[in-house]
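What follows is the residue order along each chain.
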Amino acid sequence: MLIRFTKMQGAGNDFVVLDETQGPLQLSAAQYRFLADRHFGVGADQILSVRSAPEGRSDVDFSYVIHNADGGEVEHCGNGARCFVRYVRDHGLSERDSIRVQTLNRVLELQLQSDGRVTVDMGAPAFALDQVPFDASGLLPQSVAGWYSWPLSLGEAGTVNIAVLSMGNPHAVLWVDEVDSAPVAQWGPLIEGHPRFAQRVNAGFAQVVSRSQLRLRVYERGAGETLACGTGACAAVVAGIRQGLLDPAVEVQTRGGPLRIEWAGQTDLAAPVRLSGPATRVFEGQIEVPDSL
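Not measured: the values here are computed from a predicted model.

1. Some details on the overall build of the protein
For step 1, the next point in the chain: For the protein, the helix and strand inventory stands at 4 helices and 19 strands.
For step 2, the next point in the chain: Against the 2.2 N^0.38 benchmark of 19 Å for 293 residues, the protein shows a C-alpha radius of gyration of 18 Å, consistent with a compact globule.
For step 3, the next point in the chain: With the C-alpha coordinates of the protein rotated into their principal frame, the extents come out at 50 × 40 × 35 Å.
For step 4, the next point in the chain: Summarising the internal contacts of the protein: among those between residues at least 6 apart in sequence, 61% fall at separations of at least 24.
For step 5, the next point in the chain: Counting every atom, the protein has about 12,200 Å² of accessible surface; 47% of that belongs to carbon and sulfur.
For step 6, the next point in the chain: Here the protein contributes 24 positive and 33 negative side-chain charges, whose respective centroids are spaced 3 Å apart.

2. Things to note about the pairing of strand β1 (residues 2-10)
For step 1, the next point in the chain: Two strands pair when backbone bridges link them, and β1 and strand β19 (residues 280-288) are joined in this way by 8 bridges, in the antiparallel orientation. From the neighbouring strand, T6 faces β19, where its bridge partner is E284.
For step 2, the next point in the chain: Taken together, the 5 bridges between β1 and strand β2 (residues 13-20) define a ladder with antiparallel strand orientation. Across the sheet, residue Q9 finds its bridge partner in β2, namely D14.
For step 3, the next point in the chain: Here β1 hands over to β2 after 2 residues, with A11 in that stretch at a positive phi of 55°.

3. Quick notes on the pattern of salt bridges
For step 1, the next point in the chain: Taken as a whole and assessed by the stated rule, the structure comprises 20 salt bridges.
For step 2, the next point in the chain: For R51, the salt bridge identified is with E20, shortest N-O distance 3.2 Å. Here the residue R51 occupies a position in strand β3 (residues 46-52), and E20 occupies one in strand β2, the gap between them amounting to 31 residues.
For step 3, the next point in the chain: Given a relative accessible area of 2%, E20 falls into the buried group.
For step 4, the next point in the chain: Notably, a salt bridge pairs R217 with E225, separated by 2.7 Å at the nearest N-O pair.
For step 5, the next point in the chain: Several salt bridges converge on common partners, so that one network encompasses K7, D14, R38 and D45.

Thresholds applied
- Residues numbered from 1 in each chain as written.
- Predicted model: local features only at pLDDT ≥ 70, side-chain atom pairs only at ≥ 80, totals over all residues.
- Heavy atoms only, no water.
- Helix = DSSP H or I, 4+ residues; strand = E, 2+ residues; numbered from the N terminus.
- Rg over C-alpha atoms; globule rule 2.2 N^0.38 Å.
- Contact = heavy atoms within 4.5 Å.
- Areas by Shrake-Rupley, 256 points an atom, 1.4 Å probe, with all protein chains shown as cover.
- Lys, Arg positive; Asp, Glu negative; His and termini not counted.
- Charge placed at Lys NZ, Arg CZ, Asp CG, Glu CD.
- Pairing = 2+ DSSP bridges.
- Salt bridge = Lys/Arg side-chain N within 4 Å of Asp/Glu carboxyl O.
- Buried < 20%, exposed > 50% of the residue type's maximum accessible area, 1.4 Å probe, protein only.

Written as structure tokens, this is what we have:
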């Protein structure tokens, strides 16, 4: 199967974007893995499919389907959402600066700014443990500014304290003194695949620089450490605000570049989180994808 694609990136978080507005390509998990493979395929953290709005839905413009590098479908990707709106504009699929897209479990509002950046209304965070989901049975949480921090045993690596929430996908946030030396490669897989997270989890390692600045590394579910994670940046800022460490507007410095996160959660926990940052087309091409892998 010969497939046309566009390679894009947002703060170094890179994607293969597929136009499926004329119908799904019906790729298998193995074929998504092939596309994401940096040696044999195109190479990407995730594969983004641009599809038509669900039948009967006049309130959204497109469907947005995301597959991780391991071939599994996931709920949400903030950096990918920014690339999504840039893609549909650049390819003439929409002339609007503001579009609404349906993901696996929520509707996102995407806004192309005059300076070329894209702002995404990520929706409200979810804190109920069954919405993450996270099994806290038998654990004794620590109250931090009226919100819980949970002890998580990593076996021989010891126990870490994590903040747990969902941004439409599951996140565990732990605070570190120095993000550059944080044991992301060692602890990341242990947290990501921890049995208390039934659907696995994205593990964020966050360093507070000031009340308006954060440094972050994320070990993503199904992808490993990436240069940036939009939902991870949102989760870290939300956790920091809830624990009294951060102000409502924060610049998050990732290894791939800065992201701006805004959340009015100090006064309204149901307020939507807003993510702003760049979205860039890298190149376009076509690739022969094997029918069987």
